[in-house]
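Chain and residue survey
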Amino acid sequence: MINAIHRVTWAMVGVLCLGAASASPLHEQLSVPRVDGTLLDVQVHRPASAGKVPLLVFIDGSLCIPSTLNDSVAWLQQQVDGPHPFALAVIEKPGTVVPPRTADGGIDIGPEFRCSDAFRQHYTLDQRVIDHLRALQYLHRHAPWWNGALWIWGFSDGGRIGAQLAAYAPQTTAVALIGFGGGTPMAESMQDMVCAANGTPTTCRQELRARMDTIRAEPVPGKDWMGEANTFAVWAGRLDAVEANVLRDLRAPLLVVHGERDGSVPVASARKLATAMQGAGVTFRYVEVPGMRHSLWTTPTDAQALELHRDVLDWLRSKASGEGGGEG
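Fair warning: this is a prediction, and the values are worked out from it, not measured in the lab.

1. Some points on helix 4 (residues 125-142)
A rise of 1.5 Å per residue sets the reference length of helix 4, with its 18 residues, at 26 Å; its end C-alpha atoms lie 26 Å apart and thus fit the reference within 8%. For helix 4, the set of buried residues is Leu 125, Arg 128, Val 129, Asp 131, His 132, Ala 135, Leu 136 and Leu 139. Down the axis of helix 4, the sector holding all buried residues measures 160°, keeping them to one side. In helix 4, the exposed positions angled more than 90 degrees off the buried face are occupied by Asp 126, Gln 137 and Arg 141.

This is the structure we're talking about:
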């Protein structure tokens, strides 16, 4: 859902990537026209070696900075030319804003940072799903290096988008969704999260329900709630969505990872998704990480964060190749 605004030291990613394959992958920046003629930015990293490879699509959360600045993307870029090569595609959000860098190589998204009008006007979950489907259509026609297998890795809002993409893209062979909930409508999760420590929880819930009814009645990009990246138009696509409704019909294996201390999406929603997936006939694994907050990088130690990234990538590889059989 909402990515917490925080300071990220991107230099850390370089430290964690020591020992990765030394070959330099190929980088392509593609401009893919949408149906209205506006251009969709697609960034592809792929192995320098010849041959067809699977495609991993990474889907970032809701912040209005470029997805390519996500620390998980930086890590994945270092893995594409390894012993089990793959291509990495990032379908960019509309109207992103590059934040200034700090002296130590990080970024600081502070109170002066602003999202662009283009982002606020065009960013919705529905539009992002359509953008990803359009990018996949283009790559099917114009990417001779793609072997047709699709891996999806989504985080936060990207998990919600990834759930729909996996449901609607039949070539999907493995799915990993991080910190997105999926088992409870966001309208309920927000009431639980916001009103839990409130001295008057009944009043708090009534006020939240009234705000959400306003959003449903007026799903416009010109108004926002809980941060300017979260317009009424965005919230209208989140409030009543329950991704379990489409994930139960997946043909591809599904991994869901959620932090036990997630303060952006309540862990109760992910637990309910895990319950809903039982008996669906989907190869499914739920991992709840003690001490982790919203993203894989918010574990108690950097070493654990790196291990989780490796575990998710290894899971995608193994399930896409048919290894491992069924899971509970």
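Anyway, onward from the coordinates.
2. Focus: the pairing of strand 10 (residues 284-289)
With six bridges joining them, strand 9 (residues 254-259) and strand 10 adopt parallel strand pairing. Its bridge partner being in strand 10, His 258 is matched across the sheet by Glu 288. You can see the chain leave strand 9, run along helix 10 (residues 267-277) and come back into strand 10, and the turn it takes is right-handed.

3. Overview of the confidence of the model for the protein
When pLDDT is averaged across the protein, the result is 90; 91% of the residues are at 70 or more. Considering only residues more than four positions removed or in separate chains, one finds that residues 1-22, a stretch of pLDDT under 50, has 64 contacts.

4. What to know about the state of the cysteines
In this structure the tally under the stated criterion is two disulfides. The disulfide that involves Cys 64 links it to Cys 115, with 2.2 Å between the sulfurs. Between Cys 64 and Cys 115 the disulfide shows an S-S torsion of about -85°. By sign, it is left-handed. With Cys 64 in the loop between strand 4 (53-59) and helix 2 (71-77) and Cys 115 in the loop between strand 6 (107-108) and helix 3 (117-122), this residue pair connects regions lying 51 residues apart in the sequence. The buried category is assigned to Cys 64, whose relative accessible area is 3%. By relative accessible area, which is 11% here, Cys 115 ends up buried. Each sulfur in the disulfide pair Cys 195 and Cys 204 lies 2.0 Å from the other. Looking along the S-S bond of the Cys 195-Cys 204 disulfide, the torsion reads about -80°, which is the left-handed sense. Per residue, the accessibility class of Cys 195 equals that of Cys 204, and both read buried.

Rules of the game
Residues numbered from 1 in each chain as written. Predicted model: local features only at pLDDT ≥ 70, side-chain atom pairs only at ≥ 80, totals over all residues. Heavy atoms only, no water. Helix = DSSP H or I, 4+ residues; strand = E, 2+ residues; numbered from the N terminus. Expected span 1.5 Å × (residues − 1). Buried < 20%, exposed > 50% of the residue type's maximum accessible area, 1.4 Å probe, protein only. Arc of directions from axis to C-beta. Pairing = 2+ DSSP bridges. Right-handed = clockwise from strand over helix to strand, strands pointing away. pLDDT = per-residue confidence, 0-100. Contact = heavy atoms within 4.5 Å. Disulfide = S-S within 2.5 Å.

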